[in-house]
Amino acid sequence: MPIYYLNVDSVRRSAGRNVITAAAYCSRSRLRDERHGRTVDFSSINDLVHSEILLPAGSPERWADREALWNEVEKIETRANAQLALEIEAAIADGLTTEQGVTLAREFVKMQFVGFGRIVDLNIQKEVGADGQQRAYLYALLSMREICADAFGKKIDDWHGPKLLMQWRERWAQLSNKHLLAAGCPRFIRAGANAARERSLDALIEPLADHSAANFEIAWRNGERLLGEPELAFEALTATSSMFSRQEMVEFVKRNTVGNEQFDAALARIECSVELSTPSGGRKI
């Protein structure tokens, strides 16, 4: 079955991040950071297969230039804890050529984001995944303010919450399946609960520090399974003992999710589980 993976996060100053660095990394380019008076250069990494900026109708043409766009974002966001951009990461299904993957990515971001007024810095890289196979990955940065005439307007803050994120992930799965079918690939991907029902959680690779990229992908997939089947957490936690503390549960969910949004959603699903609140289950929180 083709791999399914899509994660949503934000580039936040409170996390010590900078949108110029994020944009240069995603696009494997060299950009001047005007705010800090430095140049960020990732152009020596040669895994980029596609890069473009998609502008909503009415956007100033100057934002088609990546350096101009994100420096303007850095300038307008004055708060020390500002969220500078949304960040989308997704695995493009095996079976699609590079050109077909680009078409899929464009259709997804245009439908879900550009059509609703967000600028999308779209990039596709080919990397080795957690399973050791090379595949294409979508990396996109999205603007977070309305476009008003020739400038940015008020902040768009409608992306929080598991319901919307699951809608985006489900749409990615649907479009991926459409393009797989058009490419003559008989295997399809599933999102959410449907994916969770097929297998238990995957084990993280030890030692964690030496396999951070692979474990990121594994943890995200585990988080999606926990959203679909929260009882998988209890099966794992009670594999060696019938008793566990709430802190042990929180630490388990933290290890098997990626980002605050997925962690919060998965933890809420587990804590609301009927099995958790059943005394006869023999589990103690």
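Residues numbered from 1 in each chain as written. Predicted model: local features only at pLDDT ≥ 70, side-chain atom pairs only at ≥ 80, totals over all residues. Heavy atoms only, no water.

**Student:** Tell me what's going on with the overall build of the protein chain, and back it up with residues and numbers.
**Tutor:** Regarding its fold elements, the protein chain presents nine helices and nine strands. Among the 285 residues that make up the protein chain, the fraction classed as buried is 49%. In the protein chain, once contacts between residues fewer than 6 apart in sequence are set aside, the share between residues at least 24 apart is 67%. Of the accessible surface of the protein chain, which amounts to about 13,600 Å², a share of 50% is contributed by carbon and sulfur atoms. (Helix = DSSP H or I, 4+ residues; strand = E, 2+ residues; numbered from the N terminus. Buried < 20%, exposed > 50% of the residue type's maximum accessible area, 1.4 Å probe, protein only. Contact = heavy atoms within 4.5 Å. Areas by Shrake-Rupley, 256 points an atom, 1.4 Å probe, with all protein chains shown as cover.)

**Student:** Tell me about helix H8 (residues 246–255), residues and numbers included.
**Tutor:** When H8 is considered as a whole, its buried residues turn out to be Met249, Val250, Phe252 and Val253. One side of H8 carries all its buried residues, which in axial view fall inside an arc of 160°. (Arc of directions from axis to C-beta.)

**Student:** Lay out unusual backbone geometry with the relevant residues and their values.
**Tutor:** In this structure, Arg28 is a non-glycine residue whose phi angle is positive, near 50°. Positive phi values are uncommon outside glycine, yet Ala149 reaches one of about 55°. In this fold, Ala149 is placed in the loop between strand S8 (145–148) and strand S9 (151–155).

**Student:** An account of the packing of helix H1 (residues 19–27) against helix H2 (residues 66–76) is needed here, citing residue identities and associated values.
**Tutor:** Where H1 contacts H2, the two axes come as close as 9 Å, and the packing angle between them is 155°. Our classification of the angle between H1 and H2 gives roughly antiparallel. H2 is crossed by H1, and the crossing has right-handed handedness. Residues Val19, Ile20, Ala23 and Ser27 of H1 touch H2, and the partners they reach there are Arg66, Trp70, Asn71, Val73 and Glu74. (Axes fitted to C-alpha atoms, helices over the stretch in contact; angles between N-to-C directions. Parallel < 35°, antiparallel > 145°, perpendicular 65-115°, else oblique. Left-handed = near helix turned anticlockwise from the far one by under 90°.)

**Student:** Any details on the packing of aromatic side chains? Residues and values, ideally.
**Tutor:** Describing an aromatic ring pair means giving the distance of the ring centres and the angle of the ring planes. A complete count under the given rule lists five aromatic pairs for this structure. Arranged with centres 5.2 Å apart and planes meeting at 90°, the rings of Tyr25 and Phe42 form a pair that is edge-to-face. Placement of Tyr25 in helix H1 and of Phe42 in the loop between strand S3 (38–41) and strand S4 (48–54) is noted, with a sequence separation of 17 residues between them. By relative accessible area, which is 38% here, Tyr25 ends up partly exposed. On the numbers, 5.7 Å between centres and 85° between planes, the contact of Phe108 with Phe113 is edge-to-face. As far as the burial class goes, Phe108 and Phe113 line up, both buried. (Phe/Tyr/Trp six-rings, centres within 6.5 Å; stacked < 30°, edge-to-face > 60°.)

**Student:** I'd love a proper account of empty space enclosed by the protein, names of residues and values included.
**Tutor:** Counted according to the given criterion, the structure contains two cavities of 30 Å³ or more. Considering the residues around the largest cavity, the lining is formed by Val73, Ile76, Glu77, Leu84, Ser143, Met144, Arg145, Phe152 and Lys155. Among the elements of the structure, H2 and S9 are those that each provide at least two residues to the lining of the largest cavity. Broken down by class, the residue content of the lining of the largest cavity amounts to five nonpolar, one polar and three charged. A volume near 40 Å³ is recorded for the second largest cavity. In terms of lining residues, the second largest cavity is bounded by Asn7, Val8, Asp9, Arg169, Val258, Gly259, Asn260, Glu261 and Gln262. (1 Å grid on protein atoms, 1.4 Å probe; cavity = no way out; pocket = protein on both sides within 12 Å on 5 of 7 lines; lining within 4 Å. Points joined across faces, edges and corners; volume = space filled by probe spheres on them. Nonpolar A, V, L, I, M, F, W, Y, C, P; charged D, E, K, R; others polar.)

**Student:** Can you lay out the packing of H8 against helix H9 (residues 259–271) for me, pointing to particular residues and giving the numbers?
**Tutor:** Where H8 meets H9, the closest approach of the two axes is 9 Å, and the angle between their N-to-C directions is 140°. The orientation of H8 relative to H9 falls into the category oblique. Where H8 crosses over H9, the two elements pack in a sense that is right-handed. Contact with H8, carried on its side by Arg246, Met249, Val250, Val253 and Lys254, involves Asn260, Phe263, Ala266, Leu267, Ile270 and Glu271 of H9 and no other residues of that element.

**Student:** Explain the pairing of S3 to me, using residue names and the numbers behind them.
**Tutor:** For a regular strand, side chains alternate in direction, first toward one face of the sheet and then toward the other. Summarising the sheet, strand S2 (residues 30–33) and S3 pair through four bridges and their orientation is antiparallel. Directly across from Arg30, in S3, lies its bridge partner Asp41. The loop that links S2 with its antiparallel partner S3 comprises four residues; one of these, Gly37, has a positive phi angle of about 65°. (Pairing = 2+ DSSP bridges.)

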